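As a plain string of letters, each chain reads:
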Amino acid sequence: MFFSLIAIAAVIALFVIVSRQQNRIALVERELGVLRGLVQSGASLSAPKPDAAQEGLPEEVKAAAAPAAPLADGTTVAEEVVATPEGAEGEAVAGPWTKTQAAAAQSAGPSEPVQPAAVAGTPAAGSPAPARAARQTDVETALGTRWAVWVGGIALALGGLFLIRYTIEAGIFGPGVRLTMAGILGLALIAGAEFIRRTGFKVPVQGAAGAYIPSILTAAGAFILFGTVYAAHGIYGFIGPATAFALLGVIGVATIGAALVHGLALAGIGLVGAMVTPALIASQAPNPWALFVYLAVVLAATAATARIRDWKALVAAAFAGTGIWTILYMVDAPDVNLAAVLFIGLATLAVLAFVWLGLFSADGRDAQARGFDWPSIVPGFFIALSALGLSVDPAFASAGDALHGAVLLVALVAAALYRPSALPLVFAAGIATVLIYLGIIPPATIGANALDVGLDAQPLASPDTPTFRIGIALGLVFIAAGFWAARRFAATAPRRAACWAAWGVIAPLVVLTALWLTFGDIDRDFGYALPALLLALALAAGGEWIARAEEPPLGGGPAVSFALGGAGVAGLLMLHMAFGSGWTTVPLGAAAIVPALATRWRSYPVLGWIAVGAAVAVLGRVAFDPTIVGAASLARTPVFNWLLLGYGVPALAFGFAAWQLARTTDGRPRLAMEAASALFALLTVAMLVRHAMHGGVIDTGTVTLAEQAIYTLVALGAGAILVAIDMRSPSSVLRYGSMAAGVVSAAMIAVQHFVVLNPLLTDESTGTIPVFNLLFLAYLLPAVAAGALALYVRDKRPRWYAAMLALIAALLAFAYATLSVRRLFKGEFIALWSGLGQLETYTYSALWLVIGVALLTAGVWLKSQVLRIASAVLIAVAVVKVFLFDMSELEGVLRALSFIGLGAVLIGIGLFYQRLLTRAARAVKEAS
């Protein structure tokens, strides 16, 4: 036991030391600042004249330093007064342990605080260094003034309990006498603390305010009284549970009230004791009303005390304790009294609104100006949790507890309206509402059976008629409260207005969606489409109503953005409810025109983003069902089918929206709509091609080379179109989009045309027609398209982009010529494993040399270094082939012709370059 007490004392002492270091460091910094000012001014510190000592000093040093006063031993002390840190009124910086400070303490009197002295002059021989003396003073002051008091208070509290234990073990007194003596000891400690406080008790030593003796004695007395009452009931049974409950509550509340005089620590002790009391007192017939009325009284007393002293942590702890008791009662009680739960929830909000957030705060400021009140998070969390439990827990479903939960949610919103600083309450109510109504959705409706949502694939909450009606009522409450508060704060507090507007939008949308998925027809339901339309109109009108209250008006701030964004979501939701699977995509795409046109009358930034939201919705829709109407309902007629409407109409609508936004707002939404329009235009062509190539089926079958060739041509053509549009109406989206189309085309050619779908590797039929066959479609046409695009973008795009396209065109032309020769010798099927003939081998060498010469000519004519390099590479390949392959494989005249032809071509190339260089040198000479 002795070592346990030592350990407790050591922990408490360590906590006190750490908590006081910040004040002590601040005082040392102030002293050093004054001394630094004195040294920098060059003033003498040994008995200067009063005027001379302060001559030339800064004003702040003159105000802090007083004339030096000589002491009996000849040294001088500058009577500099250092400001006491906040919260340590009446303290001095150190205890009166040094010689000079002892003299000052004797002259100051018993009730006056001793001011720190700045000792000047040379210290006497053998005197300790200032730093060492300061450390010794701190340790001695801590031991004598703080450690002793804290350990002494703990010792008194434990001593009272040990005395009772000793009398029990020794049998000296009876239980009644022992308890009476313990009670008298507790009351005596409290009375002694009050006597010491009323006799003008002050702490004359720096750092000792944290060991305020009256506070320690009061805490020890309260601790002993708690133990005495509990022993009288729980151990000896002298008093019944009702009396013990009342006495412990009175002690707790009185301790909290005494904290107004003795500080926050005592309030914490009283609150802990008051909150633990219900757990200490057992009863055969628990009364929830007694529990919750008691908790309401304790909460009100704590909130009143905390409000006077502005103790936010204390009131937050009180709200937490009350909330924990409420949740424990709802979880453990066999028959929950719903009225009692409703009472404690409403009582908690009343204490928050009328006591803690009263008309005036501790410093006299209006509660409206207090800003964000973080303790409101705690009651908001626990009350919302209670409402969630009443609405979701199956144990409460039969009793219709969802109505009680809805009352708590409405009360949260009302309290937040009444006290604007309690903004967390509306977040708590909104989150709880969203969770409740997301929980009523049957998992099968949203395809969540595989996730085992709910119990046996059942909804988490009860989807019944009261839930339906309560949802409508909650949606109306959030709309009315959210938009009224948003308009109220639109000019003075835009962020607060945005929060209210957000929940005025989110909660009704979630409730409407949940009710539709639970009670309506998810394919088409006009009964829910009409409320969704009305909601969209109401939110749009509310946004305009809020915008007129802004400063300046019609600015389109955050609250307006939330309102109009919610209107857009409600409109898209209405389209899903009103139209079938086929028509839904088309109106969704056309809906992007509405906010774009609205920018003609209002320049709200959110309008463009609503159009972007419509584009995202359409993109998600086609990603979910690329066939627009379902694979079974998609007609096999080429071109004129649902794909043309499902992809073409959004492409046109997005293009018009981008054009309209460019004429009005011209911001990032315009760029996004341009990108969406280009994307859906490409998708329209690609999907129609796939539909035609696969006989009306687009969700099955592998991609063929012919189909891939069409995709490549479409991508190259899209790149050219985007470049042309960008030249007329410059846009970063068009610029980078056109380059992206070219890069994607090059990647598809490199992977699909040359490797994956190459007839040399797949042995796919190239067709029976001599010229207009698969090779013509897959290689020659893309080569011409890539070459034309490279010529078109030479001065309009970066050099690397044009060079890449030129190289791709050259490679495609080479592949077409080579594969055409292969087809000439092998017929329709040209796979590699069919072998090579000597004449075919010689033909390749001749062909590659001809192509190399053609590329060289084109490169010189077009001044394209890429084509000239490509010709050099191709001729080098031909050289390698002739010397390494033709020499060993060819025989007779073919071998001779191969080398003769190669030599003639190389000599011709050399002669060509010599003439070219000679002509260039002559031109340079004439120019000089």
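My aim in this report is to walk through the structure given alongside it, one point at a time. (Residues numbered from 1 in each chain as written. Predicted model: local features only at pLDDT ≥ 70, side-chain atom pairs only at ≥ 80, totals over all residues. Heavy atoms only, no water.)

1. So, the packing of helix 17 (residues 465–489) against helix 18 (residues 494–519)
Note the cut-off: Axis lines are fitted to C-alpha atoms, over the contacting stretch for helices. Their N-to-C directions set the angle, which ranges from 0 to 180 degrees. A helix here means a DSSP run of H or I that spans at least four residues, while a strand means a run of E at least two residues long, and both kinds are numbered starting from the N terminus. Roughly parallel covers angles under 35 degrees, roughly antiparallel covers those over 145, roughly perpendicular covers 65 to 115, and oblique covers all other angles. Should the near helix be turned counterclockwise from the far one by less than a right angle, the crossing is left-handed, whereas a clockwise turn marks it as right-handed. Gly falls in the polar group here, along with every residue not listed as nonpolar (Ala, Val, Leu, Ile, Met, Phe, Trp, Tyr, Cys, Pro) or charged (Asp, Glu, Lys, Arg).
Remark: helix 17 packs on helix 18, axes separated minimally by 8 Å, with the N-to-C direction vectors making an angle of 160 degrees. Classified by the angle their axes make, helix 17 and helix 18 are roughly antiparallel. Considering only the axes of helix 17 and helix 18, their crossing is left-handed. By residue class, the composition of the contact of helix 17 with helix 18 is 20 nonpolar, 4 polar and 1 charged.

2. Things to note about the packing of aromatic side chains
The criterion, for reference: Side-chain rings of Phe, Tyr and Trp, where Trp is taken by its six-membered ring, are said to pair if the distance between their centres is within 6.5 Å; with planes under 30 degrees apart they count as stacked, over 60 as edge-to-face, and otherwise as tilted. As a reminder, the over-ring test applies to NZ of lysine and CZ of arginine, requiring each to be within 6 Å of the ring centre and within 35 degrees of the ring normal.
Applying the stated criterion across every chain, the model contains 11 aromatic pairs. Relative to phenylalanine 343, the ring of tryptophan 289 has its centre 5.5 Å away and its plane inclined at 50 degrees; by these criteria the two rings are tilted. Here the residue tryptophan 289 occupies a position in helix 10 (residues 288–309), and phenylalanine 343 occupies one in helix 12 (residues 338–356), the gap between them amounting to 54 residues. Aromatic side chains tryptophan 800 and tyrosine 801 sit 5.9 Å apart centroid to centroid with 80 degrees between the ring planes, which places their arrangement in the edge-to-face category. Ring pairing ties together the aromatic residues Tyr647, Phe654 and Phe680, which thus form one cluster. A cation sits over an aromatic face here: arginine 496 above phenylalanine 489, 5.4 Å from the ring centre. Taking NZ or CZ as reference, lysine 796 lies 4.4 Å from the ring centre of tyrosine 792, over its face.

3. Overview of the side chain of asparagine 641
Short version of the rule: N or O atoms within 3.5 Å of each other form a polar contact, as long as, within protein, one can give a hydrogen and the other can take it, and as long as residues adjacent in sequence are counted only when both atoms are side-chain atoms. By the convention used here, residues are in contact when the closest approach between their heavy atoms is within 4.5 Å.
Inspection of the secondary structure assignment puts asparagine 641 in the loop between helix 23 (605–624) and helix 24 (642–663). Reaching out from asparagine 641, the side chain makes a polar contact with the side chain of histidine 691 at a distance of 3.4 Å. Other than its neighbours up to four places away in sequence, asparagine 641 contacts Leu634, Ala635, Leu688 and His691.

4. Things to note about helix 18
To keep things clear, this is the line we draw: By this rule, a helix spans an expected 1.5 Å times one less than how many residues it contains. Think of it in three bands: with a 1.4 Å probe and only protein chains considered, a residue is buried below 20% of the maximum accessible area for its type, exposed above 50%, and partly exposed in between.
Between its first and last C-alpha, helix 18 extends 37 Å over 26 residues, near the 38 Å set by a 1.5 Å rise per residue. Burial analysis of helix 18 places 20 of its 26 residues in the buried class, which makes it a mostly covered element.

5. Section: the environment of threonine 305
Take threonine 305: it is sitting in helix 10. Residue classification places threonine 305 among the buried residues on the basis of a relative accessible area of 5%. Sequence separation between threonine 305 and leucine 264 is 41 residues, and the spatial gap between their C-alpha atoms is 9.7 Å.

6. Observations concerning the side chain of arginine 670
Its place among the elements puts arginine 670 in helix 25 (residues 668–693). Under the relative-accessibility criterion, arginine 670 is labelled buried at 10%. Sequence-distant contacts of arginine 670, that is, excluding residues within four places in its chain, are made with Ala658, Leu661, Ala662, Pro730 and Ser731.

7. Some points on helix 20 (residues 558–578)
For an α-helix, the turn length of 3.6 residues means that residues three or four places apart are oriented alike. Its 21 residues place the ends of helix 20 30 Å apart at the C-alpha level, agreeing with the 30 Å of an ideal helix rising 1.5 Å per residue. Most of helix 20 sits out of view: 15 of its 21 residues are buried.

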